[in-house]
Structures are given as structure tokens and as C-alpha cells.
Amino acid sequence: MSERPSDLATVDAALGAEAPLPRDNGELVFEEPWQGRALGMAVVALNRLGVPWADFRRHLANAIAARPTNRDDSPATAYYTAWLNALETLLAERGLID
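Residues take numbers from 1 onward in each chain, read along the sequence in its written order. In keeping with the model being predicted, local features are shown solely for residues with a pLDDT of at least 70 and side-chain atom pairs are shown and tallied solely at 80 or more, while totals for entire chains, interfaces and linings include all residues. Side-chain calculation: all heavy atoms of the structure are included, whereas hydrogens and water are not.

## Side note on the packing of aromatic side chains
As a reminder of what qualifies: Centres within 6.5 Å make a pair out of two Phe, Tyr or Trp rings, where for Trp the six-membered ring is used; the pair is then stacked when the planes are under 30 degrees apart, edge-to-face when over 60, and tilted otherwise. Helix numbers and strand numbers start at the N terminus; a helix is a DSSP run of H or I with at least 4 residues, a strand a run of E with at least 2. Burial classes follow relative accessibility: with a 1.4 Å probe on protein chains only, a residue under 20% of its type's maximum area counts as buried, one over 50% as exposed, and anything between as partly exposed.
Under the definition given, this model contains seven aromatic pairs. Judged by centre distance (6.2 Å) and plane angle (40°), the ring pair of Trp53 and Trp83 falls under tilted. Residue Trp53 is found in helix α3 (residues 53-66), and its partner Trp83 is found in helix α4 (residues 75-93); the two are separated by 30 residues along the sequence. Each member of the pair, Trp53 as well as Trp83, carries the same accessibility label: buried. Ring geometry for Tyr79 against Trp83: centres 6.0 Å apart, planes inclined by 35°, an arrangement best described as tilted. Of this pair, Tyr79 and Trp83 both sit in helix α4, separated by four residues, roughly a single helical turn. Relative accessible area serves as the criterion here: at 9%, Tyr79 is assigned to the buried category. An aromatic cluster of three or more residues is present, and its members are Phe30, Trp53, Phe56, Tyr79, Tyr80 and Trp83.

Interpretation in functional terms is not warranted from these geometric data alone.
Take a look at the structure:
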């Protein structure tokens, strides 16, 4: 397990340029409440499981690349949908969900 819980700066640094959190004028973008909850769920799950953010970043980059473009989705919706897909894939890989 990790020695200390992740904070937003840790998450931001771990995601790097590969899959950065959506921002507008430096502020995180959450267009819907579920988007912030998705971020929070991943932070808690990865902290509790001791999963390195590098593992999640790889899953997130793959989910973003695999997601078909939907013109009706905003960039934040597309990102956080991929975020949830990445979290589900990572948890399934570890046998924690079906």
C-alpha cells in the first residue's frame, strides 16, 4: 500500500502529458457531478489498493485512444467516460469486479 494518500498534485503529476485532467484557465473542469465523483472514486480506490498511478495512467491512455469520437460529448464528458472505463478495466484486471 502507498505510504500516503494521493492528493490532486500527485494525481496531476502522475497523469502527466499523456492523459492530463481537463482544465479551463488552470481550474479543473467538472461539467456534471458524476465527473468529480469519478475522479474521487479512482483516487480512493487506487490509494486503498496501493495501485501506482502509472498503472492507471496506462489504462486511461488506452481508454482514451479506444473511445470512439462522439460529437455530442464535450471534452470533459469524453475524458471522464474514458476515466471510468480505465478504472473498471484496472479493477477487473485485478479480479475485484466482473
